[in-house]
Amino acid sequence: MPVIKLYASLRKMAGLNETKTSAEVLDAALTDLVQRHPGLVGAILEIGPVITVRPHIIITINGQLTGDLDTRLAPEDSIAIFPPIAGG
Amino acid sequence: MAGWSEKILDIDLSTKSVKTYPLDMEMARMFVGGRGLGARLLWDLVGPQVDPLAPENVLIFTAGPLTATGYQTSNRFSVTTKSPQTGTVLDANSGGFWGMQFRKTGHDVLIVRGKSEAPVWIEIKNAEVFFHDASDLWGMRVYAVTEKLGQNNNKRNVLCIGPAGENLSRMAAIMNDRERAAARGGPGAVMGSKNLKAIVVEGSERPELADKDQYKFLMYETKKLLAASPLTSQALPEFGTVVMMNIVNNIGALPTRNHQQTQFEGAEAISGEALTDKYLVKNTSCWACPIGCTRISKTEKVEGEGPEFETTWAFGAQCGIDDLAAIIEVNSLCNDLGLDTISTGSTIACAMEMSEKGYIDSDLRFGRADLLARSVEDIAYRRDLGADMTEGSLRLATKYGHPELSMSTKGMEFPAYDPRGMQGQGLLYATSNRGGCHMRGNMLGPEVLGLPKLIDRFQIQGKSSFVILHQNSAAAVDSLVVCKFTGMGVADEYFARVLSAVTGIQYATGDLISVGERVWNMERMYNLREGFTRKDDTLPARLLTEAPTEGPSKGWVVHLEPMLKEYYRGRGWDENGIPTPRKLADLGLANL
């Protein structure tokens, strides 16, 4: 099953660093994650007529940056989600 | 005139003479302050064939028209000189409180020239300058000197060098307010070569503002914008810059073991999350800064500022070390000895690789956290292999027959972003006027964080236009002088409006970016006069020809040549990277 890794402030919001998902598409994986971990409500997704990722949220799949919520997931995929972060 | 004090303080250590004369206001209008003004003045003061460690080199400390006004992050200053590490123009920039206090002495610029016969420290109290014997301070470390000379953050501020600067380490930093550093390129060695131990400032003058009402309004707007941005109101205060460790590692752009790999298995252990969980005491900030990115960290042995992401990477992944406590402790040691942490960590990593391959006789190995402190002390005091390492990785690697193992360009070691995972960053490093540096226009924003918008980090064609824009913008911000983190909540337009309100001169956003472009070309002309050519706009062979064999950047090298050709065209330079007469005329630099 694909694994989802959370970073920075998302860890405290969810109460965990890592979890798995049975979803086959990225947007379903994110929706499922938020539903299972209500602390993430409003942190990752904007729920409306169309689900969108909140500004400055960074998502990678196997280390590749992506914003395409229709991406199909493979069982060995590793999804990483970062909240707005900055540095130098 | 509002905005500038219009005064240059010029001190000759050879004769102990002090002069004050007017700042050329046309020059000030064109170059503003900070980095820009420093570069323009250096052009006049230090020509080719001047050895950076000779008395003929100068140190130019510059504030900007915003400094000490109270505008958010208006605490910074620049120090400009010819770099003993690279031989290029060098601008090193620092925060804290010293820049604010210097501006309050009523000067825009301090020029220090010559060489004192014996160790000396200088005290500037508004218009008065005092020379003091520093023979009892010579040999003291930074923390002790800072305390002895009466550091008080808001009233009396100490800038000094440690043993590294005294011993002319090419990686020596100028330290201020105990743990702040104007670090890259070896400015501390220039100060040491002049027998100048410290500069202490106390001032009481307030900068004059042209339009107080507009200025207050813009401060209020900036406060709201910084509070509304999750980057400046949550990310930076909560985790500091070390939060970059996991994202940069995740995408396969974290240089590891002297750039032999692009991911580090120990990244989580030295991440911002780990620092916050295990060692963070609190966050704090520089003068007039609402962001608060500074960490105060504590281990069993030390408590103090830092570490930053770059430091944690340089002594961490770059050295194959995942011991965060050891990294925190060596950060404190570097501050106390007065050393640039990026170059020091990366030079130790270079020595580690050379030792493992048998090119030098040493017990240094990747992962040996227990040898970090000894190595750093040896560098500061020129002991054993430290006498070679203190010259920087390029001179170290060249001496032992393997210059290709120095991860640097123009002699300055790269920071924590492997350009094989960020093509634009590679172009940035290769063209940086002071050598391997990310602060000249970090492509982290567009290529990784999506600031302002995500672009394909592996894209080659068209990448140069982003690099040029970021370089010009960074040069403008460095000339104001404010902190680049302000720009994560506030657009360049606001900086232009604040500059206009403070000076009474109307700068549109485009005018401010033009200042940045002018500064960039000014620095380029300086380096060309010093003998740098197109061939110096390059990267080590490892980054150009050795692709990572695993991870998200697998198979990628930096495709520099096509990006460089496009870059020169975009800059209005010829195919050799020389600004054309037309470009110089457009920028008001035709008389160079």
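Anyway, here's the lowdown on the structure attached to this text.

Here is what the cut-offs are and how they apply
- Residues numbered from 1 in each chain as written.
- Chains lettered and ligands numbered in written order.
- Predicted model: local features only at pLDDT ≥ 70, side-chain atom pairs only at ≥ 80, totals over all residues.
- Heavy atoms only, no water.
- Helix = DSSP H or I, 4+ residues; strand = E, 2+ residues; numbered from the N terminus.
- Rg over C-alpha atoms; globule rule 2.2 N^0.38 Å.
- Contact = heavy atoms within 4.5 Å.
- Lys, Arg positive; Asp, Glu negative; His and termini not counted.
- Charge placed at Lys NZ, Arg CZ, Asp CG, Glu CD.
- Buried < 20%, exposed > 50% of the residue type's maximum accessible area, 1.4 Å probe, protein only.
- Areas by Shrake-Rupley, 256 points an atom, 1.4 Å probe, with all protein chains shown as cover.
- Salt bridge = Lys/Arg side-chain N within 4 Å of Asp/Glu carboxyl O.
- Polar contact = N/O pair within 3.5 Å; in protein donor to acceptor, adjacent residues only side chain to side chain.
- Nonpolar A, V, L, I, M, F, W, Y, C, P; charged D, E, K, R; others polar.
- Pairing = 2+ DSSP bridges.
- Axes fitted to C-alpha atoms, helices over the stretch in contact; angles between N-to-C directions.
- Phe/Tyr/Trp six-rings, centres within 6.5 Å; stacked < 30°, edge-to-face > 60°.
- Left-handed = near helix turned anticlockwise from the far one by under 90°.
- Expected span 1.5 Å × (residues − 1).
- Parallel < 35°, antiparallel > 145°, perpendicular 65-115°, else oblique.

1. Overview of the overall build of chain A
Thought 1: Regarding its fold elements, chain A presents 2 helices and 7 strands.
Thought 2: Against the compact-globule benchmark of 12 Å for 88 residues, chain A has a radius of gyration of 12 Å, which places it among compact chains.
Thought 3: Seen along its three principal axes, the alpha-carbon backbone of chain A occupies a region of about 30 × 30 × 25 Å.
Thought 4: Taking contacts inside chain A between residues at least 6 apart in sequence as the whole, the part at least 24 apart equals 49%.
Thought 5: On chain A, the mean spot of the 7 positive side-chain charges and the mean spot of the 9 negative ones are 11 Å from each other.

2. Some thoughts on the overall build of chain B
Thought 1: The helix and strand tally for chain B stands at 24 helices and 17 strands.
Thought 2: Its C-alpha radius of gyration of 22 Å places chain B within 12% of the 25 Å reference for a compact globule of 592 residues.
Thought 3: Overall size of chain B, expressed as C-alpha extent along the three principal axes, is 60 × 55 × 50 Å.
Thought 4: A total of 592 residues make up chain B; the buried ones form 67% of that total.
Thought 5: Counting only contacts in chain B whose residues sit at least 6 apart along the sequence, the fraction spanning at least 24 positions is 70%.
Thought 6: For chain B, the exposed surface amounts to about 19100 Å²; the carbon and sulfur share of it is 49%.

3. Concerning the interface of chain A and chain B
Thought 1: Contacts between the two partners involve 18 residues from chain A, matched on the other side by 32 residues from chain B.
Thought 2: Where chain A packs against chain B, one counts 1 salt bridge.
Thought 3: In this structure, A:Arg11 engages B:Glu268 in a salt bridge whose closest nitrogen and oxygen atoms are separated by 2.8 Å.
Thought 4: Inspection of the region where chain A meets chain B yields 6 residue pairs in polar contact (both at pLDDT 80 or more).
Thought 5: Contributions of two or more residues to the side of chain A that touches chain B are made by helix 1 (9-14), strand 5 (58-61), strand 6 (64-65) and strand 7 (78-82) of chain A.
Thought 6: Looking at side-chain class alone, the side of chain A that touches chain B contains 9 nonpolar, 8 polar and 1 charged residues.

4. Some words on the sheet that holds strand 2 (residues 18-20) of chain A
Residue and element names in this part refer to chain A.
Thought 1: Taken together, the 5 strands give an open sheet; going across it, the order is 2-1-7-5-6, and neighbouring strands pair in mixed fashion. The sheet is open, and its two borders are formed by strand 2 and strand 6, each paired with just one other strand.
Thought 2: Here strand 5 pairs with strand 7 via 4 bridges, running antiparallel. The residue bridging Ile61 from the neighbouring strand is Ile79, located in strand 7.
Thought 3: Sitting on the sheet, helix 2 (residues 26-36) is in contact with strand 1 (3-6), strand 2, strand 5 and strand 7, with an inclination near 60 degrees to strand 7.

5. Describing the packing of aromatic side chains
Residue and element names in this part refer to chain B.
Thought 1: In this structure the tally under the stated criterion is 10 aromatic pairs over all chains.
Thought 2: Between Phe61 and Trp98, the ring centres sit 5.7 Å apart and the planes meet at 50 degrees, which makes this aromatic pair tilted. Of this pair, Phe61 sits in strand 3 (residues 59-62) while Trp98 sits in helix 3 (residues 98-104), and the two are 37 residues apart along the sequence.
Thought 3: For Phe61, a relative accessible area of 0% puts it in the buried group.
Thought 4: Trp98 sits in the buried class, given a relative accessible area of 0%.

6. Observations concerning the packing of helix 17 (residues 423-431) of chain B against helix 23 (residues 560-571) of chain B
All names here are of chain B.
Thought 1: With their axes 10 Å apart at the nearest point, helix 17 and helix 23 run at an angle of 65 degrees to one another. When the axes of helix 17 and helix 23 are compared, the crossing they make is right-handed. Contacts between helix 17 and helix 23 involve Gln423, Gly426, Leu427, Ala430 and Thr431 on the former and, on the latter, Leu560, Met563, Leu564 and Tyr567.
Thought 2: Class assignment of the residues belonging to the contact of helix 17 with helix 23 gives a composition of 6 nonpolar, 3 polar and no charged.

7. Section: helix 12 (residues 324-337) of chain B
Residues and elements named next belong to chain B.
Thought 1: Between its first and last C-alpha, helix 12 extends 20 Å over 14 residues, near the 20 Å set by a 1.5 Å rise per residue.
Thought 2: Across the 14 residues that make up helix 12, a large majority, 14, are buried.
Thought 3: The backbone nitrogen of Ala325 lies 3.2 Å from a side-chain oxygen of the residue at the head of helix 12, namely Asp323.
Thought 4: Positive backbone phi, at 80 degrees, marks Gly338, one or two positions downstream of helix 12.

8. A word on the environment of B:Ala127
Residues and elements named next belong to chain B.
Thought 1: One can find Ala127 in the loop between strand 7 (120-125) and strand 8 (128-133).
Thought 2: Sequence spacing of Ala127 and Lys301 is 174 residues, and the spatial spacing of their C-alpha atoms is 42 Å.
Thought 3: Setting aside anything within four residues of it in sequence, one finds Ala127 in contact with Thr105 and His107.

9. Notes on the pairing of strand 2 (residues 17-22) of chain B
Residue and element names in this part refer to chain B.
Thought 1: For strand 1 (residues 7-12) and strand 2, the ladder comprises 6 bridges, and the chain directions are antiparallel. Directly across from Ile11, in strand 2, lies its bridge partner Val18.
Thought 2: What sits between strand 1 and strand 2 in their antiparallel hairpin is a turn of 4 residues, with Lys16 showing a positive phi close to 55 degrees.

10. Digging into the pattern of salt bridges
Residues and elements named next belong to chain B.
Thought 1: Enumeration over the complete set of coordinates arrives at 44 salt bridges over all chains.
Thought 2: One salt bridge in this structure joins Asp537 and Arg524, with 2.8 Å as the shortest N-O distance. Here Asp537, found in the loop between helix 21 (509-529) and helix 22 (541-545), pairs with Arg524, found in helix 21; they are 13 residues apart in sequence, far enough to count as distant.
Thought 3: Through salt bridges that share partners, Arg35, Asp91, Arg440, Asp478, Lys484 and Glu523 make up one connected network.

11. Points about the pairing of strand 8 of chain B
Residue and element names in this part refer to chain B.
Thought 1: Bridge count for strand 7 against strand 8 is 6 bridges, and the pairing is antiparallel. Within the sheet, the bridge partner assigned to Ile122 lies in strand 8 and is Phe131.
Thought 2: Remark: 2 residues form the turn of the hairpin made by strand 7 and strand 8, two consecutive strands paired antiparallel; Asn126 in that turn has positive phi of roughly 50 degrees.

12. Points about unusual backbone geometry
All names here are of chain B.
Thought 1: For the bond from Gly306 to Pro307, the omega torsion is -5 degrees, close enough to zero to count as cis.
Thought 2: Tracing the backbone shows Pro307 in the loop between strand 15 (303-305) and helix 11 (309-315).
Thought 3: Here the bond from Leu451 into Pro452 is cis, since omega is -5 degrees, no more than 30 degrees from zero.
Thought 4: Within the element layout of this structure, Pro452 appears in the loop between helix 18 (444-449) and helix 19 (463-480).

13. Things to note about the packing of helix 2 (residues 34-45) of chain B against helix 19 of chain B
Residue and element names in this part refer to chain B.
Thought 1: Where helix 2 contacts helix 19, the two axes come as close as 4 Å, and the packing angle between them is 90 degrees. Regarding the angle of helix 2 to helix 19, the classification is roughly perpendicular. Contacts from Gly34, Arg35 and Gly36 of helix 2 reach helix 19 at Ala474, Ala475, Asp478 and Ser479.
Thought 2: The residue makeup of the contact of helix 2 with helix 19, split by class, is 2 nonpolar, 3 polar and 2 charged.

Interpretation note: all reported values are geometric properties and have no functional meaning in isolation.
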